[in-house]
Amino acid sequence: MFRYLLFLLVLVTTHSLAKGKDDGSNVQPDNYYPRVKMETTMGEIVVELDRRRAPITTNNFLRYVSKNGYNGTIFHRVVPGFVVQGGGYNTDFDQKPSYPEIFNESGNGMKNELYTIAMARQNEPHSATRQFFFNVNDNPSLDPGKEWGYAVFGMIVEGQEVVDKMMEVETEYQLRLREPNSPIEPIVLEKATVLPAS
């Protein structure tokens, strides 16, 4: 009897801890395909995330969104025919604070194809934190092979034309970021919100 009560206690405690986790899993926890609306200075984009195939990455992204972590950030890197990247800097090019690095889920079967959203990272495979990018082409070079790839965790379902417009902006070398493809006129992600589950 004591063992059974101990088992129940452990089960209840584990469940309570999981419910109180601050990793984004508490944001619409029963929704496998949450949607996020991004209001930018060039228009609105809606992405549908895939929590079934990329749970760690999706939860991480939702954590930033739910805490207004992307509001007022810029798309600091625009490479035509390749990627539009953002989420890491404010309009003064100051780096935004990040949660710890996450596990790389690039082996989840999702490909870096046109209009997908993926996590940016450093050379180290498990170094992604808050920066993300939209693939504006099919980019098989970013998929895993002999090396780790870049984890795709959703796709644009509305506003593809907005990302297409972003690709056309004039860019320059941004000294503070050491970024050769930074928009001259900042593209700002004014607000990102989780849409109500349908």
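Residues numbered from 1 in each chain as written. Predicted model: local features only at pLDDT ≥ 70, side-chain atom pairs only at ≥ 80, totals over all residues. Heavy atoms only, no water.

1. Topic: the packing of aromatic side chains
- All chains considered together, the criterion is met by 11 aromatic pairs.
- Ring geometry for F61 against F132: centres 5.6 Å apart, planes inclined by 90 degrees, an arrangement best described as edge-to-face. Of this pair, F61 sits in helix α2 (residues 55-66) while F132 sits in strand β7 (residues 132-135), placing them 71 residues apart in sequence.
- For the ring pair Y64 and Y70, a centre distance of 5.5 Å and an interplane angle of 40 degrees mean the geometry is tilted. (Phe/Tyr/Trp six-rings, centres within 6.5 Å; stacked < 30°, edge-to-face > 60°. Helix = DSSP H or I, 4+ residues; strand = E, 2+ residues; numbered from the N terminus.)

2. Some words on the nonpolar core
- In this structure, M38, F61, F132 and F134 are the most contacted members of the largest nonpolar core, which totals 32 residues.
- Secondary-structure elements contributing two or more residues to this core are β1 (35-40), β2 (43-49), α2, β6 (116-119), β7, β8 (152-158), α3 (160-167) and β11 (188-194).
- Not counting residues up to four positions away in its chain, the partners in contact with M38 are G43, E44, I45, V47, F61, I117, F132, F134, L189, K191 and A192. (Core = buried A, V, L, I, M, F, W, Y, C linked by side-chain atoms within 4.5 Å. Buried < 20%, exposed > 50% of the residue type's maximum accessible area, 1.4 Å probe, protein only. Contact = heavy atoms within 4.5 Å.)

3. Remarks on the confidence of the model for the protein chain
- In the predicted model, the protein chain carries a mean pLDDT of 91, and 90% of its residues have values of at least 70.
- Confidence drops under pLDDT 50 across residues 1-18; counting only partners more than four residues distant or on other chains, this segment forms one contact. (pLDDT = per-residue confidence, 0-100.)

4. A word on empty space enclosed by the protein
- The tally for this structure, following the rule as stated, stands at two cavities of 30 Å³ or more.
- Reported here for the largest cavity is a volume of approximately 60 Å³.
- The wall of the largest cavity is formed by T57, I102, F103, N104, E105, M119, R121, P125, A128, G149, Y150 and A151.
- Of the residues that constitute the lining of the largest cavity, the class distribution is seven nonpolar, three polar and two charged.
- In this model, the second largest cavity occupies a volume close to 40 Å³.
- Lining the second largest cavity are I74, F75, H76, F93, S182, P183, P186 and I187.
- Across the lining of the second largest cavity, the residue classes break down as six nonpolar, two polar and no charged. (1 Å grid on protein atoms, 1.4 Å probe; cavity = no way out; pocket = protein on both sides within 12 Å on 5 of 7 lines; lining within 4 Å. Points joined across faces, edges and corners; volume = space filled by probe spheres on them. Nonpolar A, V, L, I, M, F, W, Y, C, P; charged D, E, K, R; others polar.)

5. Some details on the layout of surface pockets
- If you add up the space inside the largest pocket, you get close to 510 Å³.
- Around the largest pocket, the lining is made up of 26 residues, and of these Q85, A120, R121, Q122 and Q131 lie nearest the centre.
- Tallied by class, the residues present in the lining of the largest pocket amount to nine nonpolar, 10 polar and seven charged.
- Taken as a whole, the second largest pocket spans an internal volume of roughly 170 Å³.
- Around the second largest pocket, the lining is made up of 13 residues, and of these D50, R53, M110, G154 and M155 lie nearest the centre.
- Here the lining of the second largest pocket takes three residues from β8, the largest share from any one element.
- Looking at the lining of the second largest pocket residue by residue, the classes come out as five nonpolar, three polar and five charged.

6. Focus: α3
- If you check which residues of α3 are buried, you get V162, V163, M166 and M167. Buried residues in α3, looked at end-on, bunch into an arc of 150 degrees, giving them a common side.
- Where α3 is buried, its residues meet β1, β2, β4 (77-79), β5 (83-86), β7 and β8. (Arc of directions from axis to C-beta.)

7. Section: unusual backbone geometry
- Even without being glycine, Q28 reaches a positive phi, approximately 45 degrees.
- The residue Q28 is located in the loop between α1 (2-19) and β1 in this model.
- A positive phi angle, close to 60 degrees, is found at N68, a residue other than glycine.
- Given a relative accessible area of 49%, N68 falls into the partly exposed group.

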